[in-house]
Amino acid sequence: MIELIPAIDLIDGKCVRLTQGDYNSKKIYNEDPVETAQAFADCGIRRLHVVDLDGAREGRIVNYRVLERLARKTSLAIDFGGGLKHDSDVETAFACGAQMVTGGSIAVRDPEKFVAWLHRYGSEKIILGADARDGKIAVDGWQNTTDAALMPFIESWLRRGVRAVICTDIGRDGMLQGPATALYAEIRKALPEIFLTASGGIGGIDDIAQLDEAGIPAVIFGKAIYEGRICLNDLIRFTDAYKH
């Protein structure tokens, strides 16, 4: 059964969503992210994906106090990302309650540092963020696209010890028009050792069911639930099964 991972994206300490990574498309959904996170926990969700969008833009951890509150006031296992470029950023994230951190840009800009984090913390705590636009890896809060192709990029990090990958199809993110299921199935088939989390494009509960049928281990979703396309009660059929 697919693992459900709601996303909370943070700007100025508030729960927001962007469309295709465009900061000008910001929409605030809740002034208090803890309230949102607790609602997820109450319907059986176990894990939360938290993105520090301020941090992604500035290249340093910014919303660590919100992370601290989320970890202290809920039982959710939090994976945290956005702007983690220095050892001190990762140390702060773990000290504030993150159980895992996600690094994307750092794996491109400073791969040796990312390798050092893998060795220091272990592959169960360091997740590779493979965010792609038109099949190419994007960095810096999705503001810049590199020449690195998605599949070879993931393969190279598998050889270096990565075991968990969050793959986001940026073109679908926030569009509510369905995930890139064929892409995720291709990655899953080529690299079965990877714990793959699909992200981007979820528009309804049927999209999650489709990924589940395709054998994708986990899915991140956000806008669909904030826009009322998915109700909290819809998640229970997945979370109840996942509990057992």
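Our structure is the block above this text.
Residue positions within a chain follow its written sequence, with the count starting from 1. Selection of residues for local features in this predicted model requires a pLDDT of at least 70, selection of side-chain atom pairs for listing and counting requires 80 or more, and totals for whole chains, interfaces and linings are taken over all residues. Derived side-chain values reflect all non-hydrogen atoms in the structure, with water molecules and hydrogen atoms excluded from consideration.

Engineer: Could you clarify how one ought to interpret the packing of helix α4 (residues 87-95) against helix α6 (residues 111-121) in this entry?
Structural biologist: To describe two helices that pack against each other, one gives the angle between their axes and the distance between the axes. Packing of α4 against α6 leaves a shortest axis separation of 11 Å and a crossing angle of 35 degrees. In the packing of α4 onto α6, the handedness of the crossing is right-handed. Across the interface between the two elements, Asp87, Val90, Glu91 and Phe94 from α4 touch Lys113, Trp117, Arg120 and Tyr121 from α6. To get an axis, a line is fitted to the C-alpha atoms, and for a helix only the part in contact is used. The angle between two axes follows their N-to-C directions and goes from 0 to 180 degrees. A run of H or I in DSSP counts as a helix once it spans at least four residues, and a run of E counts as a strand once it spans at least two, with each numbered from the N terminus. Whether a crossing is left-handed or right-handed is set by the direction in which the near helix is turned from the far one by less than a right angle, anticlockwise for left-handed and clockwise for right-handed. Every residue pair with non-hydrogen atoms within 4.5 Å of one another is taken to be in contact.

Engineer: Just checking my understanding: could you explain the packing of helix α1 (residues 33-42) against helix α3 (residues 64-73) for this structure?
Structural biologist: The geometry of α1 relative to α3 is characterised by a closest axis approach of 10 Å and an angle of 35 degrees between their N-to-C directions. Our pair here, α1 against α3, has a crossing hand that is right-handed. Along its contact with α1, which presents Pro33, Val34, Ala37 and Gln38, the element α3 presents Val66, Arg69, Leu70 and Lys73. The residue classification treats Ala, Val, Leu, Ile, Met, Phe, Trp, Tyr, Cys and Pro as nonpolar and Asp, Glu, Lys and Arg as charged. All others, Gly included, are polar. Its residues assigned to classes, the contact of α1 with α3 shows five nonpolar, one polar and two charged.

Engineer: Looking at this structure, I do not really get the pairing of strand β5 (residues 77-81). What am I missing?
Structural biologist: Each regular strand displays side chains that alternate between the two surfaces of the sheet. Within β5, five of the five residues are buried, leaving the element largely enclosed by the surrounding structure. Looking at chain direction, strand β4 (residues 47-52) and β5 are connected through five bridges and run parallel. Within β5, the position partnered with Val51 by the bridge is Gly81. For crossovers, right-handed means that the path from the first strand over the helix to the second runs clockwise, given strands pointing away from the viewer. Remark: the β5/α4/strand β6 (residues 100-103) crossover connection has right-handed handedness. Relative accessible area decides the class of each residue, using a 1.4 Å probe on protein chains only: under 20% of the type maximum gives buried, over 50% gives exposed, and in between gives partly exposed. When DSSP finds two or more bridges between two strands, those strands count as paired.

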